[in-house]
Amino acid sequence: MRPFFVNSLLALATAFSVSLSTMASQAEDDWRTISSIVKKSKYEDKFEHYDHVNPNAPKGGRLNRIALGSFDSFNPFIVRGTAASGLTALAGGIAYDTLMEQSVEEPGTSYPLIAEAFKYPDDYSSATYRIDPRARFHDGKPITAEDVIWSFNALTTNHPLYNQYFHNVTEVVALSEREVQFRFDQKNNRELPHIMGDMPVLPKHWWEGTDKDGKKRDFSAPTLEPPLTSGPYRVKSFKPSAEVVWELVEDYWARDLPVKVGRENFGEIRYTYILDENAAWQGFTKGGLDDYRREYRSQKWATEYDFPAFEAGNVLRGEFPQSFGQPMQGFVINSRLDKFKDRRVREALTLAFNFESMNRTLFFGLYYRTNSYFEGGELESSGIPEGRELEILEKYRGQIPDEVFDKPFELPVYSGKNREDRKHLARAFELLNEAGFTRKGSQLVDANGEVFKIEFLGNDPTDSRITAPYIEQLRKLGIDASMRIIDGNQYINRRRKFDFEIITGGFAQTLSPGNEQREFWGSAAAGKVGSRNLMGIKDPVIDELIDKIIFAKDRDELVATTKALDRVLLWNFYVVPQWHNPNIWFAWWNKFGMPETQPAYVGLDPYSLWIDPDKAAALEKKLGNGN
């Protein structure tokens with residue numbers, strides 16, 4: 001399922017939710033207006049708006065944001081080009097509506113948007129969505145079943161993410177102008193009816209038409225023609241690679257749906273493009289270019305919030321705890337390359353990483369080590385496998401590392417005591433020897449006498465800061481490690497094509513894993529340009545475990561299988577795990593109204609903020625006076 005920040009949200013008035021157990025028992029003809037595959041929605045009896053929003057929040061004003069790099073396309077649904085900020089490949093960002101939208105308050109829960117309801121048979125072999133008769137594109141034309149069919153075909157043909165996510169759909173059929181049915185190649189996949197709601201719906205008539213010059217539009221190519229959209233915002237103006245301004249659509253058809261009430265309040269959202277992070281930071285501290293900032297760097301959070309605007313109270317900051325779970329962030333090892341194919345080599349690289357020293361000297365002790373691909377919550381593996389999890393793994397004994405069964409997965413802990421810490425490097429060197437590498441003078445060489453070299457690839461000068469200590473550790477083993485920084489667009493293209501040795505990557509999860517696991521670690525995704533299987537994993541055991549997750553009979557089965565998958569991924573050392581922050585660090589210029597509470601699930605819902613006219617005027621006056 002999708003993480004928040006690639007979603008926007010919606011819902012319908014009188015709604016009820018359906019847990020896995022109740023969904024299976026309902027008749028095929030029952031239309032459902034809330035889908036929940038983890039637990040029942042808290043809004044099953046009455047839903048007027050989210051609990052955390054201010055339903056009377058005023059709309060208007062401008063939100064200023066900084067975007068890094070540049071853009072050359074308004075088409076986020078293909079692997080070519082760099083899409084403008086405000087657009088995301090999976091959900092279409094603030095421009096496109098999806099059939100349904102996922103909740104920021106509850107895991108695995110979706111509410112209607114374009115589709116006012118959906119249904120499916122007891123065997124989950126299909127899903128039928130009924131389109132809200134009010135749903136419109138911004139040219140006033142209604143959204144129809146034909147638009148849904150055209151969108152499905154265009155998305156799955158042109159983007160590997162959709163191709164994998166909707167892999168099990170064999171046919172999409174219009175039952176009427178407002179009803180569309182997705183038919184599946186398998187039964188009893190409980191998530192399939194739910195995830196179809198994640199699909200954005202695009203205007204068939206616009207994409208099959210011609211532009212102002214009479215040229216037929218090409219969905220497979222980048223474009224700087226502002227597209228026809230259906231969501232809360234549309235393009236107002238833009239300067240290629242420099243700026244894009246989105247305007248709130250005053251007659252947006254869904255603005256009064258309960259999940260939209262009190263949200264998406266900014267009259268305009270302006271993205272100004274800046275080439276590097278240092279310039280972006282200066283743009284935030286001076287004001288006018290970036291009105292709020294989610295801080296990801298501990299050094300800045302700990303030491304650099306001392307600029308004049310902050311000390312004067314014009315900039316505020318806070319920490320927002322969230323229960324969503326933490327992504328696996330780490331140094332991604334490209335196992336497609338011969339030198340990284342041996343698991344012992346990847347384990348040695350993991351043993352050489354000294355997180356404790358970096359956390360102490362670079363991160364001010366603010367981070368926590370990430371120990372799981374499903375960090376935080378019931379899906380995270382720990383200890384040794386027991387019960388149902390052990391039963392699942394027993395089938396693969398001899399095909400997966402033996403340690404899976406009798407050793408808890410533990411990352412090396414560097415205590416700061418030289419004698420104790422040297423054992424990690426000593427064990428790493430043993431593993432490299434076993435893999436065929438030997439020491440020749442100060443260098444590590446393979447059986448052919450070639451020096452073992454590793455290039456880390458990054459797109460920001462600060463990448464060198466966090467990679468340098470790790471590189472020094474690797475050099476102690478005789479590895480010729482180095483860092484290369486390239487520009488953002490080049491980095492994106494090389495990442496898409498898997499043209500790297502080691503990069504930093506992140507893999508966000510939800511509490512309801514499913515089809516997207518194929519895109520993360522499935523064999524079929526390993527060779528698809530633009531997929532999220534950055535490591536190049538091609539393992540039949542992992543493929544089987546992914547299918548077991550997708551076809552889990554109930555929540556207990558899903559949890560046990562996900563833990564089993566977690567263990568197999570960890571013990572194969574595809575990633576050198578880095579760190580996470582359990583809180584969202586957020587700073588903002590004092591021009592916003594903000595709800596008293598934020599949803600604990602995602603920690604922070606930025607679309608629940610609004611421009612406070614009095615605060616904005618006072619701030620403008622201060623800045624105008626040079627304060």
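If you're wondering where the values come from, they're calculated on a predicted model, not measured in any experiment.

Let's talk about the overall build of the protein chain
Argument step 1. Of the regular secondary structure elements, the protein chain holds 20 helices and 25 strands.
Argument step 2. Radius of gyration (C-alpha) of the protein chain: 25 Å, near the 25 Å computed for a compact globule of 627 residues.
Argument step 3. Taking the intrachain contacts of the protein chain between residues at least 6 apart in sequence as the baseline, contacts between residues at least 24 apart amount to 72%.

Overview of the sheet that holds strand S2 (residues 62-68)
Argument step 1. Overall, mixed pairing links the four strands, which are arranged S2-S11-S10-S9 in an open sheet. Of all the strands in the sheet, the pair left with one neighbour each is S2 and strand S9 (233-239). Pairwise comparison of adjacent strand axes, ignoring direction, gives a mean angle of 20° for this sheet.
Argument step 2. Note: strand S10 (residues 243-248) against strand S11 (residues 268-274), five bridges, orientation antiparallel. Along S11, the bridge assignment pairs Trp246 with Ile269.
Argument step 3. Seen against the sheet, helix H6 (residues 277-286) touches S2 and S11 and runs at an angle of roughly 160° to S2.

Description of the pairing of strand S18 (residues 453-458)
Argument step 1. Bridge count for S18 against strand S19 (residues 480-485) is six bridges, and the pairing is parallel. By the bridge assignment, Lys453 is partnered in S19 with Asp480.
Argument step 2. Once you follow S18 into helix H14 (residues 462-476) and on to S19, the crossover reads as right-handed.

Let's talk about the confidence of the model for the protein chain
Argument step 1. Averaged over all residues, the pLDDT of the protein chain is 91; the fraction at 70 or higher stands at 95%.
Argument step 2. Confidence over residues 1-27 falls short of pLDDT 50; this stretch has 116 contacts with residues more than four positions distant or in other chains.

Looking at the packing of helix H9 (residues 343-351) against helix H13 (residues 418-434)
Argument step 1. Interhelical geometry of H9 versus H13 gives an angle of 165° and a closest axis separation of 8 Å. In this view, H9 runs roughly antiparallel relative to H13, as classed from their interaxial angle. Handedness of the crossing formed by H9 with H13: left-handed. For the pair H9 and H13, the contacting residues are Arg344, Val345, Glu347, Ala348 and Leu351 in the first and His424, Arg427, Ala428, Leu431, Leu432 and Glu434 in the second.
Argument step 2. Residues that form the contact of H9 with H13 fall into these classes: six nonpolar, one polar and four charged.

A short note on the side chain of Gln517
Argument step 1. Structurally, Gln517 can be placed in helix H16 (residues 516-521).
Argument step 2. Setting aside residues no more than four positions away along its own chain, Gln517 makes contact with Phe374, Gln509, Gly522, Ile546 and Leu565.

Description of the side chain of Gln102
Argument step 1. Locating Gln102 in the fold gives a position in strand S3 (residues 100-102).
Argument step 2. The buried category is assigned to Gln102, whose relative accessible area is 5%.
Argument step 3. For Gln102, the side chain forms a polar contact with the side chain of Asp198, separated by 3.1 Å.

Quick look at the environment of Lys497
Argument step 1. Counting through the fold element by element, Lys497 comes out in the loop between helix H15 (488-496) and strand S20 (502-507).
Argument step 2. Looking at Lys497, the relative accessible area reads 58%, which means it is exposed.
Argument step 3. Between the C-alpha atom of Lys497 and that of Gly527, which follows or precedes it by 30 residues, the distance is 8.9 Å.

Topic: unusual backbone geometry
Argument step 1. Its identity is not glycine, yet Asn188 carries a phi of approximately 65°, on the positive side.
Argument step 2. Within the secondary structure layout, Asn188 lies in the loop between strand S8 (179-184) and helix H4 (192-195).
Argument step 3. Positive phi values are uncommon outside glycine, yet Phe364 reaches one of about 60°.
Argument step 4. Inspection of the secondary structure assignment puts Phe364 in the loop between helix H10 (355-361) and strand S15 (368-369).
Argument step 5. A relative accessible area of 41% places Phe364 in the partly exposed class.

Observations regarding the packing of aromatic side chains
Argument step 1. Tallied over the full model, the rule gives 56 aromatic pairs.
Argument step 2. Each ring, one from Phe77 and one from Phe219, has its centre 6.5 Å from the other, and the planes form 10°; the classification is stacked. Of the two residues, Phe77 is situated in the loop between S2 and S3 and Phe219 in the loop between helix H5 (204-207) and S9; the sequence distance between them amounts to 142 residues. Assigned by exposure class, Phe77 and Phe219 land together as buried.
Argument step 3. Judged by centre distance (6.0 Å) and plane angle (35°), the rings of Trp281 and Phe284 are tilted. Remark: Phe284 and Trp281 occur in helix H6; sequence separation between them is three residues, near one turn of the helix. Phe284 shares its class with Trp281; the two are buried.
Argument step 4. The ring of Phe520 carries Arg532 above its face, with NZ or CZ at 4.4 Å from the centroid.

Digging into helix H2 (residues 145-158)
At 3.6 residues per turn, the α-helix brings residues three or four places apart onto the same side.
Argument step 1. With 14 residues, H2 extends 20 Å from end C-alpha to end C-alpha; this agrees with the ideal 20 Å at 1.5 Å per step.
Argument step 2. When we look at burial in H2, the residues that qualify are Ala145, Asp147, Val148, Ile149, Trp150, Ser151, Phe152, Ala154, Leu155 and Thr156.
Argument step 3. Considering only its buried residues, H2 is in contact with strand S6 (126-131), helix H3 (160-165), strand S7 (169-174), S8 and H5.

Some words on the nonpolar core
Argument step 1. Core analysis: the largest hydrophobic core is formed by 76 residues, its most contacted members being Tyr129, Phe166, Phe182, Met196, Phe219 and Trp246.
Argument step 2. The biggest single contributor to this core is H2, with seven residues.
Argument step 3. Formed by 45 residues, the second largest nonpolar core is a distinct cluster that contains Ala309, Tyr414, Phe456 and Leu619.

Examining the environment of Arg346
Argument step 1. Mapped onto the elements of the fold, Arg346 is located in helix H9.
Argument step 2. The class for Arg346 is buried, based on a relative accessible area of 3%.
Argument step 3. Each C-alpha atom of the pair Arg346 and Trp571 lies 9.9 Å from the other, and the pair is 225 residues apart in sequence.
Argument step 4. With residues up to four places along the chain from it excluded, the contact list for Arg346 reads Ile333, Ser335, Phe340, Lys341, Asn572, Phe573 and Tyr574.
Argument step 5. In this structure the side chain of Arg346 is engaged in a polar contact, spanning 3.0 Å, whose partner is the backbone oxygen of Lys341.

Observations regarding the pattern of salt bridges
Two side chains carrying opposite charge are able to pair once their charged atoms lie near each other.
Argument step 1. This model, assessed by the stated rule, comprises 40 salt bridges.
Argument step 2. One salt bridge connects Arg234 with Glu247, and the closest N-O pair in it is separated by 3.2 Å. Placement of Arg234 in strand S9 and of Glu247 in strand S10 is noted, with a sequence separation of 13 residues between them.
Argument step 3. You can call Arg234 partly exposed: its relative accessible area is 28%.
Argument step 4. A salt bridge links Glu557 to Arg388, with the shortest nitrogen-to-oxygen separation between them at 3.1 Å. A residue pair is termed long-range when its members are at least 10 positions apart, and Glu557 in helix H19 (residues 555-571) and Arg388 in helix H11 (residues 387-394) qualify at 169 residues.
Argument step 5. On the accessibility criterion, Glu557 (14% relative accessible area) is buried.

Parameters at a glance
Residues numbered from 1 in each chain as written. Predicted model: local features only at pLDDT ≥ 70, side-chain atom pairs only at ≥ 80, totals over all residues. Heavy atoms only, no water. Helix = DSSP H or I, 4+ residues; strand = E, 2+ residues; numbered from the N terminus. Rg over C-alpha atoms; globule rule 2.2 N^0.38 Å. Contact = heavy atoms within 4.5 Å. Pairing = 2+ DSSP bridges. Axes fitted to C-alpha atoms, helices over the stretch in contact; angles between N-to-C directions. Right-handed = clockwise from strand over helix to strand, strands pointing away. pLDDT = per-residue confidence, 0-100. Parallel < 35°, antiparallel > 145°, perpendicular 65-115°, else oblique. Left-handed = near helix turned anticlockwise from the far one by under 90°. Nonpolar A, V, L, I, M, F, W, Y, C, P; charged D, E, K, R; others polar. Buried < 20%, exposed > 50% of the residue type's maximum accessible area, 1.4 Å probe, protein only. Polar contact = N/O pair within 3.5 Å; in protein donor to acceptor, adjacent residues only side chain to side chain. Phe/Tyr/Trp six-rings, centres within 6.5 Å; stacked < 30°, edge-to-face > 60°. Lys NZ or Arg CZ within 6 Å of the ring centre and 35° of its normal. Expected span 1.5 Å × (residues − 1). Core = buried A, V, L, I, M, F, W, Y, C linked by side-chain atoms within 4.5 Å. Salt bridge = Lys/Arg side-chain N within 4 Å of Asp/Glu carboxyl O.

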